[in-house]
Amino acid sequence: MSWIKRCLSLLLLNLMILNLNAQVSVKAKFTKVAPEIDGRVAESVWEEAVPITEFFQREPDNGVPVSQKTEVYILYDQNNLYFGFKCFEKSNGIVAKELARDVSLKNDDRIQIILDTFLDQRNGYWFQIGPRGSIGDALVSQNGAALNKEWDGLWEGRAVIHEQGWDGECAIPFKTLNFHPGQTTWGLKLIRNIQRRLEASYWPVANLNTYRFQVSDAGLLTGLEDISQGIGLDLNPYTLTGWDQKTGQKNKYPFEAGLDMFYQVTPSLKSAITVNTDFAQTEVDARQINLTRFKLHFPEKRDFFLDGANYFCFGIDGDRETNYSTRLIPFFSRRIGLDESGNPIPILGGAKITGQVGNWNLGFLDIMDEREGKNKNFFATRVSRNIGKQSMLGMIATHGNATSDADNFLYGLDLKLATSTFQKNKNLAFLIFGLKSKTEGLVNDDYAYGAQIAYPNDLFLFRLGFHEIAKNFQAGMGFIPRHDIRETYLESALGPRPNRWGLLQVLAKIDLDYITNLENRLLTRMLAITPLSLRFRSGDNISFTVSPLYEHLTENFKIHPEHTISTGDYDFLRYTFYFESALQRNFWATAKYTQGTFYNGDRTETALALGYKIAVPLFLGLEAEHNDISLPDGDFTTQIFRLNANFLFSPFMTLYNYIQYDNLSQKMGWQSRFRWIIKPGTEILLVWNSIWQDLLERHEVTESTTRLKFRYVYRF
């Protein structure tokens, strides 16, 4: 009987695909009595809503109904949108190991919600909740290709595990969302993940060619009448005190106060003002040893800049589906309030406006920090207009320079033509962009331009791109690791799903990166051939890659304080083996081993990560990276160790410990972050950062900072 059920399910899926124009919809039920958000969908008020039950798998068995009964209820009142979930499951089959706000739940059971509040089939809000009440959120843009998970919205979620499975409840204030006033219909996508089966089931049905968080194929949420954002004013003051200690210097005891203010100019346009901004709660960056001759890219982690960051993405920036999105970023907010080493520079204040007006997407930012020199003010504007269903035309302009005292102005245009219905259900996008800068002291050769065509689908993936960056092109508020180049890149993959031998998907991939100077002299050629990459239904992954590389060095390259790579041409060949065990297990491991020639020598790289969930409240994780490099002028070794020891008392009270050590600096860094979320937007943070110099010899703290911060939110 199972094959009959499967055939009927596939027939139903095909009928649904043929009728995509008749979008699936659900009506939110207005309630006068708000449900209590305690994690139990048991109150009678939920019975007023018609449940959504027709979930269909995207993976592993595309188009087959969800394996476990699932019910989703939707209510709203004037101020909030409410979701109730009933996820039926055997109690011993629930995977629920996480217990913290904003922690990754990709290895837990969970429910995910995507709201397209503008119904523009491009942008959205993403929310998720796990069986133990862990919640997270993000901003979706570029029709699901970009996901800003660092964004934190103010909303509430609870969940409870019981004998029949688990329930979850969410209350999302309309004050947290931007939307068109008077629009009663939004886009809605729901996802249930059952981790023990690696199962992702969607409402409405989603095919394998879509992005996981694609917005354009969402269903419709109707009936949202007379909803309100109130005055639309949020005041977020903070006070901070602490203790700074450094060997050989007098201790300091700072005390500061500041304010972030957010105001909804319209329900779809949000403004923000910050005064004496502080980022004490920001996590430290993962330490890296740079064995290249180019700057490393570190992500933005500060809340003020992350809120609305999707409105400032330009060109290839923001596409999380490709490794080339960081090659040319005209506006990179991490340049503001941080020096070249990542150390904080005080921010005096600033203002920002983000949102939509009709078919226009707007982003304006003006910030002043206390860096030395004349370039203390930074301004950026990004404006784009939606064209058709998923295309857009936009511009960007920035003024400010975080890299030198020279005055810098940048402007550019980009055009993206995209569809998710190519050959009925496939994604296809074409992008073209151009940029020009004006920098004091630099004349001519100050442009950049490029184009990309992407076909990012399941069975066959293809991406071909090109950009040229002139030698005097300067993005004073951007990130561009290489200048005076023409770069062509190709990504291609074939991924059949055999549905046998325990395999979920078999992948064969080719990546090519070809870089010349503007006289077409080859500088870099990197080819990565992955003849076999296996994804198993168990969650395990194995791959093997062969990488022939070429480098032409025009200058001596100091790869280590005591070792230099001389100018010349270098061909080298490297082999990489990679293994990842299913991360939903209590104990998991990933291992990467790369061996081969390296410039005029040899290099062996080993990377190992281990994680052990001792119990739900306690997690231990260890990462180690080791390089043995042999060159004609001698041998050297690099090592990095990272240790996580996390204590999760509840989804609202956590203690994270992050310890890092590298043998190049011979410094150990230790950050402890205690966070107590009293209610959404109101929290207490206690953060301790320390540096231990010559750890194996003196065992002493040479520098430390302690910060106690109280943050509160007033919503009007």
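Refer to the structure printed above.
Residue numbers restart at each chain and count upward from 1, following the sequence in its written direction. Residue-level local features of this predicted model are given only where pLDDT is at least 70; pairs of side-chain atoms are given and counted only at 80 or more, and the full residue set underlies all totals for whole chains, interfaces and linings. Side-chain measures here rest on the full set of heavy atoms in the structure, leaving out hydrogens and waters.

### Brief notes about the overall build of the protein chain
In plain terms, the rule: Only DSSP runs of H or I reaching four residues or more are called helices, and only runs of E reaching two or more are called strands; each is numbered from the N terminus. When we talk radius of gyration, it's over C-alpha atoms, and the globule rule is simply 2.2 Å times the number of residues to the 0.38. Think of it in three bands: residues with accessible area under 20% of the maximum for their type are buried, residues over 50% are exposed, and the middle band is partly exposed, with areas taken using a 1.4 Å probe on protein chains only.
Along its length, the protein chain carries 2 helices and 41 strands. In terms of overall size, the protein chain behaves like a compact globule, its C-alpha atoms giving a radius of gyration of 26 Å where 716 residues would be expected to give roughly 27 Å. Judged by the C-alpha coordinates and their principal axes, the protein chain covers about 75 × 60 × 55 Å. Counting only residues that meet the buried cut, the protein chain has 53% of its 716 residues in that class.

### Some points on empty space enclosed by the protein
Just so we agree on the cut-off: Using only the protein atoms, space was sampled on a 1 Å grid; points where a 1.4 Å probe fits but cannot get out form cavities, open sets with protein on both sides within 12 Å along at least five of seven lines form pockets, and lining residues are those with an atom within 4 Å of a point. Grid points are joined across faces, edges and corners, and a volume is the space filled by probe spheres set on the points. The residue classification treats Ala, Val, Leu, Ile, Met, Phe, Trp, Tyr, Cys and Pro as nonpolar and Asp, Glu, Lys and Arg as charged. All others, Gly included, are polar.
Tallied over the full model, the rule gives 4 cavities of 30 Å³ or more. Approximately 580 Å³ is the volume found for the second largest cavity. Looking at the second largest cavity, it is lined by 34 residues, and the ones nearest its centre are Ser141, Gln142, Asn143, Met392 and Lys416. Tallying contributions element by element places strand S23 (residues 426-439) first for the lining of the second largest cavity, with 5 residues. Here the residues of the lining of the second largest cavity sort into 15 nonpolar, 13 polar and 6 charged.

### Examining the layout of surface pockets
For the second largest pocket, the calculated volume is near 790 Å³. Asp152, Leu154, Asn236, Gly681 and Arg711 are, among the 43 residues lining the second largest pocket, the residues nearest its centre. For the lining of the second largest pocket, the secondary-structure elements that each account for two or more residues are strand S10 (156-162), strand S15 (233-246), strand S16 (255-266), strand S17 (269-277), helix H2 (303-306), strand S38 (667-679) and strand S40 (700-711). Within the lining of the second largest pocket, the residues separate by chemical class into 16 nonpolar, 9 polar and 18 charged.

### A few points about the nonpolar core
Using the following cut-off: Take the buried Ala, Val, Leu, Ile, Met, Phe, Trp, Tyr and Cys residues and link them wherever side-chain atoms come within 4.5 Å; each set so joined is a nonpolar core.
In this structure, Ile74, Leu81, Phe83, Leu115 and Leu188 are the most contacted members of the largest nonpolar core, which totals 39 residues. For this core, the elements supplying multiple residues, two or more each, are strand S4 (70-76), strand S5 (80-88), strand S6 (110-116), strand S7 (124-129), strand S8 (135-141), strand S11 (165-173) and strand S12 (186-194). If you look at the next biggest cluster of nonpolar residues, it comprises 34 residues, including Phe304, Leu410, Leu435 and Leu523.

### Remarks on the sheet that holds S10
Operational definition: Only strands that DSSP links by at least two bridges are regarded as paired with each other.
Strands sit in the order S2-S4-S5-S11-S10 across an open sheet of 5 strands; the sheet is mixed. If you trace the sheet from one side to the other, it starts and ends with strand S2 (29-30) and S10, each paired once.

### Thoughts on unusual backbone geometry
Residue Pro60 follows Glu59 across a cis peptide bond; omega there is 0°. Relative to the elements of secondary structure, Pro60 occurs in the loop between strand S3 (56-59) and S4. The peptide bond linking Trp203 to Pro204 adopts the cis configuration, its omega dihedral lying at -10°. With a phi angle near 60°, Gln121 is a residue other than glycine that sits in the positive phi range. Its place among the elements puts Gln121 in the loop between S6 and S7. The phi angle at Asn143 is positive, at roughly 55°, despite the residue not being glycine. Looking at where Asn143 falls in the secondary structure, it is placed in the loop between S8 and strand S9 (146-148).

### Notes on the packing of aromatic side chains
Our working definition: What counts as a ring pair is set by centres within 6.5 Å for rings of Phe, Tyr and Trp (its six-membered ring), and what kind of pair is set by the plane angle: stacked under 30 degrees, edge-to-face over 60, tilted for all other angles. Only when the NZ atom of a Lys or the CZ atom of an Arg is both within 6 Å of the ring centre and within 35 degrees of the ring normal do we say a charge sits over the ring.
Taken as a whole and judged by the stated rule, the model has 27 aromatic pairs. Pairing Phe312 with Phe331 gives two aromatic rings, centres 5.3 Å apart and planes at 45°, and the pair type is tilted. Taken together, the residues span a long stretch of sequence, with Phe312 in the loop between H2 and strand S18 (347-357) and Phe331 in the loop between H2 and S18 at a distance of 19 residues. Using a relative accessible area of 8% as the deciding quantity, one classes Phe331 as buried. The structure contains a cluster of three or more aromatic residues connected by ring pairs, namely Phe557, Tyr570, Phe572, Phe598 and Tyr599. The ring of Phe88 carries the charged tip of Lys69 above its face, separated from the ring centre by 5.0 Å. Seen from the ring of Tyr238, Lys709 lies directly overhead, with NZ or CZ sitting 4.8 Å from the centre.

### Let's talk about the state of the cysteines
The condition is simple: Whenever a pair of cysteine sulfur atoms sits within 2.5 Å, that pair is classed as a disulfide.
Counted according to the given criterion, the structure contains 0 disulfides. Sulfur of Cys87: no disulfide; nearest cysteine sulfur belongs to Cys170 and is 10 Å away. Among the residues examined, Cys87 registers a relative accessible area of 1% and is labelled buried.

### Comments concerning the pattern of salt bridges
Inclusion rule: A pair is scored as a salt bridge if a Lys or Arg side-chain nitrogen falls within 4 Å of a carboxyl oxygen belonging to Asp or Glu.
For the structure on display, the rule yields 30 salt bridges. Here Arg525 and Asp571 are joined by a salt bridge, their closest N and O atoms 3.4 Å apart. Separated by 46 residues along the polypeptide, Arg525 in strand S28 (residues 522-536) and Asp571 in strand S32 (residues 568-580) bring together distant segments of the chain. Overall, Arg525 belongs to the partly exposed group, its relative accessible area being 29%. A relative accessible area of 54% places Asp571 in the exposed class. With a closest N to O distance of 3.1 Å, Arg642 and Glu625 form a salt bridge. Here the residue Arg642 occupies a position in strand S36 (residues 634-650), and Glu625 occupies one in strand S35 (residues 618-631), the gap between them amounting to 17 residues. Salt bridges sharing common partners tie together Glu59, Asp458, Arg497 and Arg535.

### What to know about the side chain of Arg101
Under the convention used in this document: The criterion used for residue contact is that any of the two residues' heavy atoms lie within 4.5 Å.
Along the chain, the position of Arg101 falls in the loop between S5 and S6. Apart from residues no more than four positions distant in its own chain, Arg101 is found in contact with Ile135, Gly136, Asp137, Asp152, Gly153, Trp155, Pro651, Arg675 and Ile677.

### Structural notes on the pairing of strand S37 (residues 653-662)
Counting buried positions over the 10 residues of S37 gives 7, a clear majority of the element. Bridge count between S36 and S37: 10 bridges; the pairing is antiparallel. Bridge pairing links Arg642 to Gln660 in S37. Hairpin connection, S36 to S37: the antiparallel pair is bridged by 2 residues. As paired strands, S37 and S38 are joined by 10 bridges and run antiparallel to one another. Among the inter-strand pairings, Thr654 is bridged to a residue of S38, identified as Arg675. Hairpin remark: S37 followed by S38, antiparallel, with 4 residues in the connecting loop; positive phi at Gln666, about 55°.

### Let's talk about the pairing of strand S34 (residues 601-615)
Bridge analysis of strand S33 (residues 587-598) against S34 gives 12 bridges, and the strand direction is antiparallel. Looking across to S34, one finds that Ala589 is bridged to Leu610. Here S33 folds back onto S34 in antiparallel fashion, the turn holding 2 residues, of which Tyr599 has a positive phi close to 50°. Of the pairings in the sheet, the one linking S34 to S35 comprises 13 bridges and is antiparallel in character. Counted as the bridge partner of Tyr612 is Leu620 from S35. What sits between S34 and S35 in their antiparallel hairpin is a turn of 2 residues.

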